[in-house]
Structures are given as structure tokens and as C-alpha cells.
Amino acid sequence: MKNEDILWGTRFYAPDDFIFLEMNGRKIMAISQLEYARAKTEAQVDEVILYSDRLQERRSRKKQSSIHDLVILVLKSYGISSVDVSSNFPALTCLEIIKNKIRVTFCDTLFPERAIKTAEELEDIEYAQRSMEEVFSEMLALLAQAEIRDGKVWWNSGLGSEYVTSETLRMIFDTKLM
């Protein structure tokens, strides 16, 4: 699950799901082996633990594990009896937590302080905004030079004349923002 609160709380983006806990001001992340080394150096947390360390017992019993199982294992290993979760927290995981007699409280945001931006965050926002404006200007210029033939938008891509699709525009957009 991608969640802006978790990204803000850890300053870490991973394509795979990971577990984030904050207890008594201490930030803990449980993550897969694939992202472990990067998380150790990049994530702004106090402790990074491996999923596999928490699954040893489960594997020895040859039981299939899901992200829900991992969440329960991590919560239980820290003796957690209640959790605050964001309002977009996955329902199935929430039900598993409740089934395991852990109280769940929903919050609009896990980090209300996220609403007040630091100077660095403001600079990042300004940079992103300017980058988007530049790319949109280039896209508008491209479309202004294009012509409509046979019900399609055509432009000279440098490789010859080809018609423009939304996928073409998206590819150009993504490439220019890299």
C-alpha cells in the first residue's frame, strides 16, 4: 500500500509493501530482504528488521504467510495491544489485526505535523512545480505543431510522421521528468 504518511514518516519509498511502526517516539520498519540494505541507509527510522527474521517459526511449520500475517507477527513481537492506522489502511489487514485482539483506531493523518512544510520541503515542491510547468509547456508546443489528419493527431517525431496517442504523450512526459 502506498501511503503518503508512511513516506513522510520514513522518508523511504519502496515498490514493495513494508510495515512501519512508531512506538514511544521510536520508528521501526519491517521490510523484505530485497530492500533491506537500502532501507538501512536511506530510511529515517530507528530500526530496520527483516520480514524473514519474523517468519522463521512460521516457515518451519510450512504455513504460507501473507502481509497480514507479517503485520500480526511484528505487532505481537513488540507486545502491541492497540494501533492507530490511516483511514485508507487495507481492510483485510485491519480485520486480521482486530481478530487478533489488537484495538484499531483510524486517523485522518498519522502525522499532523506533515501539514506544516519545512524550507526543504517547500524547495522540493517548487522544483517539482517548475519541472511540471516546463514539461507541460513542451507538450503544448508539440501539440501546437501537430496537425489533424484522418481523425488523428499527427506530429513529426524526428523519426518521421506518426500519430500521437495518450500513451505517446505519457511516455514523453515521463521521460522528460526523469
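Going by the structure above, here's the rest.
The following paragraphs examine the structure supplied in this document. In this text, all values refer to a predicted model and were calculated from it rather than measured experimentally. (Residues numbered from 1 in each chain as written. Predicted model: local features only at pLDDT ≥ 70, side-chain atom pairs only at ≥ 80, totals over all residues. Heavy atoms only, no water.)

Focus on helix α7 (residues 166-177)
Stage number 1. Given a rise of 1.5 Å per residue, 12 residues ought to cover 16 Å, and the 16 Å separating the end C-alpha atoms of α7 matches this to within 8%.
Stage number 2. Regarding α7, the residues found buried are Thr168, Ile172 and Phe173. Buried residues of α7 fall within an arc of 130° about the axis and therefore sit on the same side. Projecting away from the buried face of α7 at angles above 90 degrees are the exposed residues Ser166, Glu167, Arg170 and Met171.
Stage number 3. Residues of α7 that are buried in the fold lie against α6 (119-145), β7 (152-156) and β8 (161-163). (Helix = DSSP H or I, 4+ residues; strand = E, 2+ residues; numbered from the N terminus. Expected span 1.5 Å × (residues − 1). Buried < 20%, exposed > 50% of the residue type's maximum accessible area, 1.4 Å probe, protein only. Arc of directions from axis to C-beta. Contact = heavy atoms within 4.5 Å.)

Digging into the sheet that holds β7
Stage number 1. The strand order across the open sheet formed by three strands is β6-β7-β8, and the pairing between neighbours is antiparallel. Every other strand in the sheet has two partners, leaving β6 (147-149) and β8 as the edge strands with one partner each. Neighbouring strand axes in the sheet, compared pairwise and without regard to direction, differ in orientation by 40° on average.
Stage number 2. Where β6 meets β7, three bridges bridge the pair, whose relative direction is antiparallel. Counted as the bridge partner of Ile148 is Val153 from β7. (Pairing = 2+ DSSP bridges. Axes fitted to C-alpha atoms, helices over the stretch in contact; angles between N-to-C directions.)

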